[in-house]
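# Geometric and topological summary
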Amino acid sequence: GTVFEYDPNLNTCIKKLDIDRNVIGNSITFLMLASNGKIYGVSQVSGPSLYGTLFEYNIEENALYRRVDWGSIMRANLIEYTRGKLLGAFEHGGTFGVGRIFEFSLADNSLTIKYNFNYHPQPTYPQWLTTSTTGKIVGLSVGTVFEYDPVMPTVTKKFDFIHPTGYQPHGKLV
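Report on the accompanying structure.

What counts, and at which threshold
Residues numbered from 1 in each chain as written. Predicted model: local features only at pLDDT ≥ 70, side-chain atom pairs only at ≥ 80, totals over all residues. Heavy atoms only, no water. Helix = DSSP H or I, 4+ residues; strand = E, 2+ residues; numbered from the N terminus. Buried < 20%, exposed > 50% of the residue type's maximum accessible area, 1.4 Å probe, protein only. Pairing = 2+ DSSP bridges. Axes fitted to C-alpha atoms, helices over the stretch in contact; angles between N-to-C directions. Phe/Tyr/Trp six-rings, centres within 6.5 Å; stacked < 30°, edge-to-face > 60°. Lys NZ or Arg CZ within 6 Å of the ring centre and 35° of its normal. Polar contact = N/O pair within 3.5 Å; in protein donor to acceptor, adjacent residues only side chain to side chain.

Further remarks concern the environment of I19. Position of I19 relative to the elements: it lies in the loop between β2 (12-18) and α1 (21-24). Relative accessible area serves as the criterion here: at 15%, I19 is assigned to the buried category. Placed 16 residues apart in sequence, I19 and V3 show a C-alpha to C-alpha distance of 6.9 Å.

This part covers the sheet that holds strand β12 (residues 137-141). The strand order across the open sheet built from 4 strands is β11-β12-β13-β14, with neighbouring strands paired in antiparallel fashion. With partners counted over all chains shown, the strands left at the sheet margins are β11 (126-131) and β14 (154-160), one partner each. Strand-to-strand twist in this sheet, taken as the mean axis angle between neighbours without regard to direction, amounts to 25°. Of the strand pairs in this sheet, β12 and strand β13 (residues 144-149) are connected by 5 bridges, and their pairing is antiparallel. Of the residues in β13, the one forming a bridge with I137 is Y148.

This part takes up the pairing of strand β7 (residues 78-82). Sheet topology note: the β7/strand β8 (residues 85-90) ladder contains 4 bridges and is antiparallel. Its bridge partner lying in β8, E80 is registered against L86. Hairpin connection of β7 to β8: 2 residues between the antiparallel strands, including G84 at a positive phi of 90°.

This part takes up the packing of aromatic side chains. Under the defined criterion, the tally for this structure stands at 7 aromatic pairs. A ring pair is formed by F90 and F102, whose centres lie 4.9 Å apart and whose planes are at 45°; its orientation type is tilted. In this pair, F90 sits in strand β8 while F102 sits in strand β9 (residues 100-105), placing the two residues 12 residues apart along the sequence. The pair F90 / F102 is uniform in exposure class, with both members buried. Ring geometry for F117 versus F146: centroids 5.3 Å apart, planes at 75°, classification edge-to-face. Placement of the pair is F117 in the loop between β10 (111-116) and β11 and F146 in strand β13, with a sequence separation of 29 residues. Across this residue pair, the class does not change: F117 and F146 are buried. Joined through ring pairs, the aromatic side chains of Y115, F117, F146 and Y148 make up one cluster. Here the basic side chain of R100 rests over the ring of F90, its NZ or CZ set 4.8 Å away from the ring centre.

This part covers the environment of D69. Note on placement: D69 falls in strand β6 (residues 63-69). The exposure class assigned to D69 is partly exposed, which follows from its relative accessible area of 34%. Once the C-alpha coordinates of D69 and T53 are considered, the two residues, 16 residues apart in sequence, prove to be 4.5 Å apart. Within the structure, the side chain of D69 is placed 3.2 Å from the side chain of R66, a separation counted as a polar contact.

Tracing the sequence through the fold places S43 in strand β4 (residues 39-44). Under the relative-accessibility criterion, S43 is labelled buried at 0%. Separated by 19 residues in the primary sequence, S43 and I24 place their C-alpha atoms 6.4 Å from one another. Among the polar contacts made by the side chain of S43, one reaches the side chain of T53 at a distance of 2.6 Å.

Okay, here's the thing in structure tokens:
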């Protein structure tokens with residue numbers, strides 16, 4: 001893959017960097033611009049476990065850095081829920097094997113597990129997170145919408161997708 005810069009005013013693309021598969025793998029699934037001016041992303045099928053990595057692209061240095069090697073499947077996004085702190089979700093893994101929420105610190109590149117999903121009646125296999133106006137995080141998992149309170153930390157099921165309202169949603173929350 002390649003990192004490139006697009007200028008919509010000039011309608012031009014400039015190649016910035018060839019991606020080294022040994023650093024972040026070959027399947028980038030999500031990118032986001034953080035408050036520190038760096039781009040963070042998630043890749044799959046890379047790192048020692050082949051579960052993927054969390055990586056950083058430093059725009060000023062034009063350099064790519066692998067920050068975390070996953071120990072579980074990570075198919076969700078990253079959000080910056082407070083300045084300098086990213087949240088993400090592992091679809092599998094954790095204490096019960098049905099997912100967990102993690103926090104990544106931009107200050108020291110540390111990863112902290114914040115919540116382990118359990119079986120019913122809680123949601124399982126989280127796939128997407130987004131911020132809400134309440135200060136809590138809203139997430140999508142297999143069959144449910146849930147709310148994560150990063151202060152407590154707790155998860156509350158908000159909606160079940162069952163026939164005829166839908167079943168096993170895939171995609172983003174907006």
